[in-house]
Amino acid sequence: MNNSLILASSSPRRKALLEMIGVTPTQIIPADIDEEPRRGETPRVLALRLAKEKAQAIAAIHGDAFVLGSDTVVGCGRRILPKAETEQTARDCLELLSGGAHRVFSGVALATPDGKLLSRVVETRVKVRMLDKLAIEEYVASGEWRGKAGGYAIQGLFAKHIISIIGSHPSVMGLPVYETANLLAGAGWRK
(Lines give C-alpha, C1' and ligand atoms only; values in the text may rest on other atoms or scores of the structure.)
Protein backbone atom coordinates (compact mmCIF):
# COMPACT_ATOMS: atom_id res chain seq x y z
CA MET A 1 0.00 0.00 0.00
CA ASN A 2 1.22 3.50 -0.85
CA ASN A 3 2.14 5.45 2.28
CA SER A 4 1.92 8.88 0.66
CA LEU A 5 -0.12 11.27 2.77
CA ILE A 6 -1.78 14.30 1.21
CA LEU A 7 -3.13 17.07 3.41
CA ALA A 8 -6.19 18.51 1.66
CA SER A 9 -5.76 21.90 3.31
CA SER A 10 -3.61 24.99 2.89
CA SER A 11 -3.82 25.76 6.63
CA PRO A 12 -0.34 26.22 8.10
CA ARG A 13 -1.82 25.40 11.52
CA ARG A 14 -3.01 21.97 10.38
CA LYS A 15 0.39 21.21 8.90
CA ALA A 16 2.10 22.33 12.14
CA LEU A 17 -0.28 20.27 14.29
CA LEU A 18 0.44 17.17 12.18
CA GLU A 19 4.18 17.77 12.46
CA MET A 20 3.77 18.18 16.22
CA ILE A 21 2.74 14.50 16.36
CA GLY A 22 5.47 13.39 13.97
CA VAL A 23 3.39 13.30 10.79
CA THR A 24 4.74 15.12 7.74
CA PRO A 25 2.45 15.16 4.71
CA THR A 26 4.04 14.08 1.44
CA GLN A 27 2.04 16.79 -0.35
CA ILE A 28 -0.29 19.63 0.52
CA ILE A 29 -3.12 20.05 -1.99
CA PRO A 30 -5.98 22.30 -0.85
CA ALA A 31 -9.39 21.00 -1.86
CA ASP A 32 -11.56 23.43 -3.79
CA ILE A 33 -15.05 22.74 -2.49
CA ASP A 34 -18.14 24.80 -1.72
CA GLU A 35 -18.00 25.47 2.03
CA GLU A 36 -21.41 27.13 2.32
CA PRO A 37 -23.66 25.57 4.95
CA ARG A 38 -26.74 23.79 3.63
CA ARG A 39 -30.19 24.79 4.78
CA GLY A 40 -30.82 23.42 8.27
CA GLU A 41 -27.27 22.09 8.65
CA THR A 42 -25.91 22.12 12.19
CA PRO A 43 -22.31 23.14 13.01
CA ARG A 44 -21.38 19.51 13.83
CA VAL A 45 -22.80 18.14 10.57
CA LEU A 46 -21.15 20.91 8.54
CA ALA A 47 -17.69 20.29 10.05
CA LEU A 48 -17.88 16.57 9.29
CA ARG A 49 -19.32 17.02 5.79
CA LEU A 50 -16.63 19.51 4.79
CA ALA A 51 -13.83 17.30 6.13
CA LYS A 52 -15.19 14.35 4.14
CA GLU A 53 -15.69 16.38 0.96
CA LYS A 54 -12.15 17.76 1.13
CA ALA A 55 -10.66 14.27 1.53
CA GLN A 56 -12.87 12.82 -1.22
CA ALA A 57 -12.15 15.65 -3.68
CA ILE A 58 -8.39 15.10 -3.53
CA ALA A 59 -8.71 11.29 -3.30
CA ALA A 60 -10.66 11.37 -6.57
CA ILE A 61 -7.47 12.67 -8.25
CA HIS A 62 -4.89 10.90 -6.08
CA GLY A 63 -6.61 7.61 -5.28
CA ASP A 64 -3.35 5.78 -4.56
CA ALA A 65 -2.55 7.97 -1.52
CA PHE A 66 -3.95 8.55 1.95
CA VAL A 67 -5.78 11.89 1.92
CA LEU A 68 -6.54 13.82 5.09
CA GLY A 69 -9.29 16.45 5.11
CA SER A 70 -10.32 18.61 8.05
CA ASP A 71 -12.58 21.52 8.81
CA THR A 72 -13.37 23.57 11.91
CA VAL A 73 -16.74 25.22 12.54
CA VAL A 74 -17.67 27.54 15.40
CA GLY A 75 -21.25 27.28 16.57
CA CYS A 76 -23.48 29.21 18.93
CA GLY A 77 -26.41 26.90 19.42
CA ARG A 78 -27.45 25.85 15.91
CA ARG A 79 -25.97 29.03 14.46
CA ILE A 80 -22.84 28.63 12.34
CA LEU A 81 -20.37 31.48 12.66
CA PRO A 82 -18.54 32.42 9.46
CA LYS A 83 -14.84 32.57 8.75
CA ALA A 84 -14.20 36.26 9.31
CA GLU A 85 -13.07 38.01 6.14
CA THR A 86 -13.97 41.58 7.09
CA GLU A 87 -13.48 43.66 10.23
CA GLN A 88 -17.24 43.96 10.67
CA THR A 89 -17.71 40.19 10.51
CA ALA A 90 -14.96 39.77 13.11
CA ARG A 91 -16.64 42.36 15.38
CA ASP A 92 -20.03 40.67 14.98
CA CYS A 93 -18.57 37.27 15.89
CA LEU A 94 -16.68 38.61 18.91
CA GLU A 95 -19.75 40.44 20.21
CA LEU A 96 -21.75 37.23 19.91
CA LEU A 97 -19.09 35.14 21.68
CA SER A 98 -18.47 37.72 24.43
CA GLY A 99 -19.37 36.59 27.93
CA GLY A 100 -20.61 33.17 26.98
CA ALA A 101 -19.73 29.66 25.96
CA HIS A 102 -19.74 28.33 22.43
CA ARG A 103 -18.80 25.09 20.75
CA VAL A 104 -16.09 24.39 18.22
CA PHE A 105 -16.51 21.35 15.98
CA SER A 106 -13.56 19.92 14.09
CA GLY A 107 -14.20 17.24 11.54
CA VAL A 108 -11.39 15.04 10.25
CA ALA A 109 -11.66 12.52 7.42
CA LEU A 110 -9.15 10.09 5.96
CA ALA A 111 -9.58 8.64 2.48
CA THR A 112 -7.49 5.50 2.09
CA PRO A 113 -5.90 3.99 -1.03
CA ASP A 114 -8.28 1.03 -0.76
CA GLY A 115 -11.30 3.34 -1.08
CA LYS A 116 -12.41 3.66 2.54
CA LEU A 117 -13.41 6.94 4.14
CA LEU A 118 -12.88 7.12 7.89
CA SER A 119 -14.02 10.14 9.87
CA ARG A 120 -14.53 11.68 13.29
CA VAL A 121 -15.90 14.93 14.65
CA VAL A 122 -14.67 16.47 17.89
CA GLU A 123 -16.65 18.95 19.98
CA THR A 124 -14.93 21.42 22.29
CA ARG A 125 -16.67 23.92 24.57
CA VAL A 126 -14.96 27.31 24.84
CA LYS A 127 -15.91 30.00 27.36
CA VAL A 128 -14.99 33.62 26.58
CA ARG A 129 -14.84 36.44 29.12
CA MET A 130 -17.03 39.50 28.68
CA LEU A 131 -15.34 41.65 26.02
CA ASP A 132 -15.71 45.40 26.19
CA LYS A 133 -15.56 47.59 23.09
CA LEU A 134 -11.84 48.32 23.62
CA ALA A 135 -10.93 44.62 23.82
CA ILE A 136 -12.88 43.90 20.63
CA GLU A 137 -11.33 46.84 18.76
CA GLU A 138 -7.79 45.90 19.88
CA TYR A 139 -8.29 42.35 18.63
CA VAL A 140 -9.82 43.48 15.35
CA ALA A 141 -6.87 45.88 14.84
CA SER A 142 -4.47 42.93 15.22
CA GLY A 143 -5.77 41.31 12.02
CA GLU A 144 -5.23 37.89 13.60
CA TRP A 145 -8.94 37.03 13.08
CA ARG A 146 -8.67 37.13 9.29
CA GLY A 147 -9.94 33.88 7.77
CA LYS A 148 -10.59 32.30 11.18
CA ALA A 149 -13.81 30.48 12.01
CA GLY A 150 -15.75 32.54 14.53
CA GLY A 151 -13.40 35.50 14.09
CA TYR A 152 -10.62 34.41 16.44
CA ALA A 153 -7.46 32.32 16.72
CA ILE A 154 -7.18 30.58 20.09
CA GLN A 155 -3.42 30.12 19.72
CA GLY A 156 -2.70 33.84 19.49
CA LEU A 157 -3.66 37.12 21.12
CA PHE A 158 -7.21 35.95 21.76
CA ALA A 159 -5.97 33.35 24.28
CA LYS A 160 -6.07 35.98 27.04
CA HIS A 161 -9.85 36.18 26.65
CA ILE A 162 -10.47 32.43 27.05
CA ILE A 163 -11.77 31.48 30.50
CA SER A 164 -11.95 27.74 29.92
CA ILE A 165 -11.83 24.96 27.36
CA ILE A 166 -13.54 21.63 27.79
CA GLY A 167 -12.28 19.31 25.08
CA SER A 168 -9.40 19.47 22.61
CA HIS A 169 -7.25 22.59 22.36
CA PRO A 170 -5.58 21.43 19.09
CA SER A 171 -9.05 20.80 17.66
CA VAL A 172 -9.98 24.45 18.22
CA MET A 173 -6.74 25.39 16.42
CA GLY A 174 -7.88 23.35 13.42
CA LEU A 175 -7.09 19.66 13.82
CA PRO A 176 -8.05 17.08 16.45
CA VAL A 177 -4.61 15.48 16.72
CA TYR A 178 -5.55 12.53 18.95
CA GLU A 179 -8.34 11.42 16.61
CA THR A 180 -6.18 12.09 13.53
CA ALA A 181 -3.34 9.94 14.88
CA ASN A 182 -5.79 7.14 15.62
CA LEU A 183 -7.40 7.34 12.16
CA LEU A 184 -3.97 7.14 10.51
CA ALA A 185 -2.83 4.21 12.67
CA GLY A 186 -6.12 2.36 12.28
CA ALA A 187 -6.01 2.72 8.50
CA GLY A 188 -2.49 1.30 8.33
CA TRP A 189 -0.66 4.49 7.36
CA ARG A 190 2.98 4.41 8.37
CA LYS A 191 5.71 7.03 8.12
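The structure we're discussing is the one just above.
Values in this document were obtained by computation on a predicted structure and should not be read as measured data. Counting of residues starts from 1 at the beginning of each chain's written sequence and follows it residue by residue. Where local features are concerned, this predicted model is filtered to residues with pLDDT of at least 70; where side-chain atom pairs are given and counted, the filter is 80 or more; whole-chain, interface and lining totals use all residues. Excluded from the side-chain calculation are hydrogens and water; included are all heavy atoms of the structure.

Trainee: Could you give an account of the nonpolar core, naming the residues involved and the relevant values?
Mentor: Inside soluble globular proteins, nonpolar side chains tend to come together where they are buried. By nonpolar core we mean a set of buried residues, namely Ala, Val, Leu, Ile, Met, Phe, Trp, Tyr and Cys, connected to one another through side-chain atoms within 4.5 Å. Whether a residue is buried, partly exposed or exposed follows from its accessible area with a 1.4 Å probe, protein chains only, as a fraction of its type maximum: under 20%, in between, or over 50%, in that order. Formed by 40 residues in total, the largest nonpolar core has its most connected members in Leu5, Leu94, Leu110, Tyr152 and Phe158. Here a residue-residue contact requires only that any non-hydrogen atoms of the pair lie within 4.5 Å. Discounting chain neighbours no more than four positions away, the residues touching leucine 110 are Leu5, Phe66, Val67, Leu68, Lys116, Leu117, Leu118, Leu183, Leu184 and Ala187. With 17 residues, the next largest nonpolar core counts Ile6, Ala47, Ala65 and Ala109 among its residues.

Trainee: Describe the side chain of arginine 14, and please don't skip the residues or the numbers.
Mentor: In this text, helices come from DSSP runs of H or I with a minimum length of four residues, and strands from runs of E with a minimum of two, each type numbered from the N-terminal end. Tracing the chain through its elements places arginine 14 in helix 1 (residues 12–20). A polar contact of 3.2 Å, which involves the side chain of arginine 14, links it to the side chain of serine 9. Dropping the residues within four chain positions of it, arginine 14 is found in contact with Leu7, Ser9, Lys54, Ser70, Asp71, Thr72, Gly174 and Leu175. Pairing of N or O atoms within 3.5 Å defines a polar contact, subject to two protein rules: one partner must be a possible hydrogen donor and the other a possible acceptor, and residues neighboring in sequence count only if both atoms are side-chain atoms.

Trainee: Run through the packing of aromatic side chains, naming residues and quoting values.
Mentor: Each pair of aromatic rings taken from Phe, Tyr and Trp, with Trp reduced to its six-membered ring, is defined by centres within 6.5 Å and is described as stacked if the planes are under 30 degrees apart, edge-to-face if over 60, and tilted in the remaining cases. Considering all chains together, one arrives at two aromatic pairs under this definition. An aromatic cluster is present here, built from Tyr139, Tyr152 and Phe158 joined pairwise through their rings.

Trainee: Explain the environment of leucine 110 to me, using residue names and the numbers behind them.
Mentor: Tracing the backbone shows leucine 110 in strand 5 (residues 101–111). Judged by its relative accessible area of 0%, leucine 110 falls in the buried class. Each C-alpha atom of the pair leucine 110 and alanine 55 lies 6.3 Å from the other, and the pair is 55 residues apart in sequence.

Trainee: Tell me about helix 4 (residues 133–142), and name the residues and values.
Mentor: Residues of helix 4 that are buried include every one of Ala135, Ile136, Tyr139 and Val140, and no others. For helix 4, the arc enclosing every buried residue in end-on projection is 130°, short of the 170-degree limit, so these residues lie on one face. Across helix 4 from its buried face, at more than 90 degrees, point the exposed residues Lys133, Leu134 and Ala141. Buried residues along helix 4 sit against helix 3 (87–97). One or two steps after helix 4, the chain reaches glycine 143, where phi turns positive at roughly 75°. This arc is taken over the directions from the axis of the helix to the C-beta atoms.

Trainee: Quick one: what's the story with the pairing of strand 3 (residues 66–76), residue by residue and with numbers?
Mentor: Across the 11 residues that make up strand 3, a large majority, 11, are buried. Burial of strand 3 is two-sided: the residues Phe66, Leu68, Ser70, Thr72, Val74 and Cys76 facing one way and the residues Val67, Gly69, Asp71, Val73 and Gly75 facing the other way are all buried. At least two DSSP bridges between two strands are required for those strands to pair. Here strand 1 (residues 5–7) runs beside strand 3; their pairing, made up of three bridges, is parallel. Considered in strand 3, the bridge of leucine 7 is made with leucine 68. Sheet topology places strand 3 next to strand 5; nine bridges connect them, and they run antiparallel. What sits directly across from valine 73, in strand 5, is phenylalanine 105. Sheet topology note: the strand 3/strand 4 (residues 79–81) ladder contains three bridges and is antiparallel.

In short, geometric facts, not functional conclusions.
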